[in-house]
Amino acid sequence: AARHGAARVARGAAVAVEGGTEIMMPALSSTMKEGRITEWAKKVGDKVSSGDTLLVVESDKADMDVESFEDGYLAAILTPEGEAAPVGNAVAYLAPSADAIAAVAAYAKA
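First, a word on what this report is: a plain description of the structure on this page. Note that this is a predicted model, so its numbers are computed, not measured.

Analysis parameters
Residues numbered from 1 in each chain as written. Predicted model: local features only at pLDDT ≥ 70, side-chain atom pairs only at ≥ 80, totals over all residues. Heavy atoms only, no water. Salt bridge = Lys/Arg side-chain N within 4 Å of Asp/Glu carboxyl O. Helix = DSSP H or I, 4+ residues; strand = E, 2+ residues; numbered from the N terminus. Buried < 20%, exposed > 50% of the residue type's maximum accessible area, 1.4 Å probe, protein only. Core = buried A, V, L, I, M, F, W, Y, C linked by side-chain atoms within 4.5 Å. Contact = heavy atoms within 4.5 Å. Pairing = 2+ DSSP bridges.

1. Focus on the pattern of salt bridges
The tally for this structure, following the rule as stated, stands at three salt bridges. Between R36 and E58 there is a salt bridge whose closest N-O contact spans 3.2 Å. Residue R36 is found in strand β4 (residues 34–40), and its partner E58 is found in strand β6 (residues 53–58); the two are separated by 22 residues along the sequence. A relative accessible area of 26% means that E58 is categorised as partly exposed. Note that K43 is salt-bridged to D46, the shortest N-O span being 4.0 Å. Exposure remark for D46: the relative accessible area of 22% places this residue in the partly exposed category.

2. Looking at the nonpolar core
By size, the foremost hydrophobic cluster in this structure holds 17 residues, and its most contacted members are M25, L55, V57 and V91. With residues up to four places along the chain from it excluded, the contact list for L55 reads I37, E39, W40, A41, M64, D65 and V66. The next biggest cluster of nonpolar side chains, apart from the first, holds nine residues, and it includes Y73, A75, Y93 and A100.

3. Focus on the pairing of β6
Sheet topology places β4 next to β6; four bridges connect them, and they run antiparallel. Bridge pairing in β6 places E39 opposite V56. With five bridges connecting them, β6 and strand β7 (residues 63–67) associate as antiparallel partners. Within β7, the position partnered with V57 by the bridge is M64.

Have a look at this one:
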């Protein structure tokens, strides 16, 4: 699939939970049912700023960069590179601070 520009994560695709934020698989087209993660641009523990590319998703149409809507730290990756997730499912969690990474990661794995 061809890689086109950046797709912003749709509003509502980041949900606050237990001191952290769920990052959801966005719908990159009207026909997309699931997306396969081809690359994580950030690693667990990395600082993330709003607008940073978090991951690259292969949809039914193209590969697209998915940007963060939130500032924080990548606390947990739920869907590794090469695996797919349904639209709307959590694929990762952001922690609000470096100190909160362990607590948010523990919540993500619970």
